[in-house]
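# Secondary and tertiary structure notes
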Amino acid sequence: MHVNIQDFSLSLRLFDGFDFVIGDFVSRFQSYAVIPLNLYASVNQPDDDSDINSISAVEEPATGDEYNESTEPSATKTSASRTIEPRSSQCRIQVNVSKVNLVANLFPTASQWASELQLSVALIEVIDNVKTSMWRKFLTTMRLSAEERPISTESSMIVLELLKVRPDLASPDVQEIRLKVHVAPLRFYVDQDALTFIGHFLSYGNPPPGSETAASKDSSPRFNDDPFFQICTIHAIPVKIDYKPKHVNLGSLRDGNLLEVFNFMPLEGAEMTLNHVRLNGVRGVEKLISLIRNQWLPDVTKNQYHRVVKGLSGVKPVANIGAGIADLILLPWRQYQKEGRVLRGLEKGVKSFSRAAAIETLSLGTRIAVTTQAILEGAEETTTARKKNSFGDAQNRSKLSEQPRDIREGMELAYQSLSRNVGDAVKTVIDAPARRVQHDDGGGGRSAAAVAQAVPVAILRPMIGATEAVSKALLGIQNTIDPTRKMESDDKYKD
């Protein structure tokens, strides 16, 4: 029998809360220390920019009896005073699986091959729709330059080949599996609020340790029908991670949870590689996953920790420039050893160093300009009546979003920004006398206040426009030198 399914797509949407609460699920939920996401959102509202934020240290939010109807009036309350949140109106996480191709073959009993499965997925993307997150995609494929390893549009993100064989034709029901998996380089943009939601969503479905459900599951009889993996091969998987922490749970840290330490350290472009794995003679899926994990985790923690440290904010620019200096020295030497010539290697080294130095300098200048813009906008809000919409989409939009593609577009956006803000300042100054005339009937105090409000705008608006113009121009130059930066920003930031 032959089955061939081509080019179908799936979309999975994850919502917060519950559609219904019945029976055993209530008792299982009552055993959890459930922390609703909106409690975390109240601790740390989104900042004006994803790269300009503070990490707050908080105690673990109240659970159980302490979290009652006063926190969420529309919630359903169980007999044990646990609060069951209703289903949210908008999805928090959306998983898009695109262009799935599936080929399955079943072979006759007399054949040494029992069945064959080939699965390819062109793209898997996890979209971050959490309100307090400024980042757009939680997971996607890594953007690679042409010099690294170009990925054509026809390649697949995941390719899985599963073959069942009969080691003994006299016993056709005894089958063993040969598994081969290839995964394209992965790119993660992890916001802590999104990670918290995913963790809570997945924890809802599992019975807590020590409960009757878990005990009955552990005590259930095990049969010798677990699949036997004759060979399992997983090719190396490069991974790059951005992580934005927002709060640290001091209670969990005091209890010895060392993973909380990572919430002190924002990551940007932290790289690691899940090494090639080849396992033989493994029975059971759980044991297979455990063996794979035991091969990956020790290698990352012992041999690749320096690559993760390079992704720390403040360390990455120094590391990139250091790598450029190393290329300036090592590439001529390697070229001399290979061909006996130095000039070609020196040319490559100078190019690598110049590119790294230029990109990091432009990146630093952009961050300074964006930070200055945020400070000036905060000063304008403090000194005038202009307030941002606290509930609009603009609050969740980073100043690094919608970047220009090249120098030309960067200069155009810079001119538009400068002219717009200068125009606002001029308009405010021109309208001030008119407002003064309108307020004359109400007394000199109101008239003076109308004029005083125009002074900060007339001073700060051109400065805000100038800093925004500088950031747009620098981003245009940076994206011209390295076009993958533009593609990564489109994946990372919400529009």
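Here we come to a nonpolar patch on the surface. Together, W333, Y336, V342, L343, L346 and V350 make up an exposed nonpolar region whose accessible area comes to about 600 Å². Secondary-structure elements contributing two or more residues to the nonpolar patch are α8 (316–339) and α9 (343–383). Here the nonpolar patch gets three residues from one element, more than from any other, and that element is α9. Examined against the element boundaries, L343 turns out to sit in helix α9. On the accessibility criterion, L343 (70% relative accessible area) is exposed.

Our focus in this paragraph is the nonpolar core. In terms of nonpolar packing, the biggest core is built from 42 residues, with I93, I234 and I237 touching the most fellow members. With residues up to four places along the chain from it excluded, the contact list for I93 reads L12, R13, L14, V126, I127, D128, V130, A194, F197 and I198. Residues M134, Y189, L475 and Y493 belong to the second largest nonpolar core, which totals seven residues.

To describe a pair of aromatic rings, you give the distance between the ring centres and the angle between the ring planes. Taken as a whole and judged by the stated rule, the model has five aromatic pairs. The interplanar angle of 80° and the centroid separation of 6.5 Å between the aromatic rings of W135 and Y189 together place this pair among those described as edge-to-face. With a gap of 54 residues between them, W135 in the loop between β6 (113–128) and β7 (137–141) and Y189 in strand β10 (residues 186–191) connect regions that are remote in the sequence. When its relative accessible area of 2% is taken as the criterion, W135 is described as buried.

This paragraph deals with the pairing of strand β8 (residues 158–165). Pairing analysis gives eight bridges linking β6 to β8, with the strands arranged antiparallel. By the bridge assignment for β8, Q118 is matched with E161. Across eight bridges, β8 lies against strand β9 (residues 176–183) in antiparallel orientation. Within β9, the position partnered with L160 by the bridge is V181.

Moving on to the packing of α8 against α9. Contact pair α8 / α9: the axes reach a minimum separation of 7 Å and the direction vectors enclose 175°. Here α9 runs roughly antiparallel to α8, going by the angle between their axes. On α9, the residues that touch P317, N320, I321, G324, I325, D327, L328, L331, P332, Q335 and E339 of α8 are R344, G345, L346, K348, G349, V350, S352, F353, A356, A357 and E360. Residue classes in the contact of α8 with α9 are distributed as 11 nonpolar, six polar and five charged.

Further remarks concern the side chain of S471. Relative to the elements of secondary structure, S471 occurs in helix α11 (residues 444–481). Beyond its immediate stretch of four places on either side in the chain, S471 contacts T366, A369, V370 and Q373.

A full pass over the atoms with the stated rule returns 20 salt bridges. Measuring nitrogen to oxygen at the nearest pair gives 3.9 Å for the salt bridge that ties R485 to E360. With R485 in helix α12 (residues 483–492) and E360 in helix α9, the pair connects residues that are 125 residues apart, well separated along the chain. On the basis of relative accessible area, E360 is assigned to the buried category, the value being 9%. One salt-bridge network, in which partners are shared between bridges, spans E125, K137, R143 and D491.

A few words now on the confidence of the model for the protein chain. Low pLDDT means the predicted atomic positions in that stretch should not be read closely. When pLDDT is averaged along the protein chain, the result is 79; 74% of the residues meet or exceed 70. Summarising per-element confidence for the protein chain, the mean pLDDT is lowest in helix α2 (residues 37–43) (41) and highest in β9 (95). Throughout residues 389–393 the model reports pLDDT below 50, and contacts reaching past four residues in sequence, or to other chains, amount to two contacts.

Further remarks concern the pairing of strand β12 (residues 237–244). Summarising burial for β12: seven of the eight residues are buried, a large majority. As paired elements, β10 and β12 share six bridges and run parallel to each other. Among the inter-strand pairings, F188 is bridged to a residue of β12, identified as I241. As judged from the six bridges shared by β12 and strand β14 (residues 267–274), these two strands associate in the antiparallel manner. Looking across to β14, one finds that I241 is bridged to A270.

Before going further, it helps to spend a moment on α8. Each α-helix winds once per 3.6 residues, and so residues spaced three or four apart point in a common direction. With 24 residues, α8 should reach 34 Å at 1.5 Å per residue; the first-to-last C-alpha distance of 33 Å fits that figure. Roughly 30° is the biggest bend found in α8, and it falls at D327. Where α8 is concerned, the buried positions are A319, G324, P332 and Q335. On its buried face, α8 is in contact with α9. Note on α8: the residue one or two positions beyond its end, G340, has a positive phi of about 75°.

What counts as what
Residues numbered from 1 in each chain as written. Predicted model: local features only at pLDDT ≥ 70, side-chain atom pairs only at ≥ 80, totals over all residues. Heavy atoms only, no water. Patch = residues over 30% accessible without salt bridge, like charges linked within 9 Å, V, L, I, M, F, W, Y side chains within 5 Å. Areas by Shrake-Rupley, 256 points an atom, 1.4 Å probe, with all protein chains shown as cover. Salt bridge = Lys/Arg side-chain N within 4 Å of Asp/Glu carboxyl O. Helix = DSSP H or I, 4+ residues; strand = E, 2+ residues; numbered from the N terminus. Buried < 20%, exposed > 50% of the residue type's maximum accessible area, 1.4 Å probe, protein only. Core = buried A, V, L, I, M, F, W, Y, C linked by side-chain atoms within 4.5 Å. Contact = heavy atoms within 4.5 Å. Phe/Tyr/Trp six-rings, centres within 6.5 Å; stacked < 30°, edge-to-face > 60°. Pairing = 2+ DSSP bridges. Axes fitted to C-alpha atoms, helices over the stretch in contact; angles between N-to-C directions. Parallel < 35°, antiparallel > 145°, perpendicular 65-115°, else oblique. Nonpolar A, V, L, I, M, F, W, Y, C, P; charged D, E, K, R; others polar. pLDDT = per-residue confidence, 0-100. Expected span 1.5 Å × (residues − 1). Bend = angle between axes of the 7 residues up to and from the residue.

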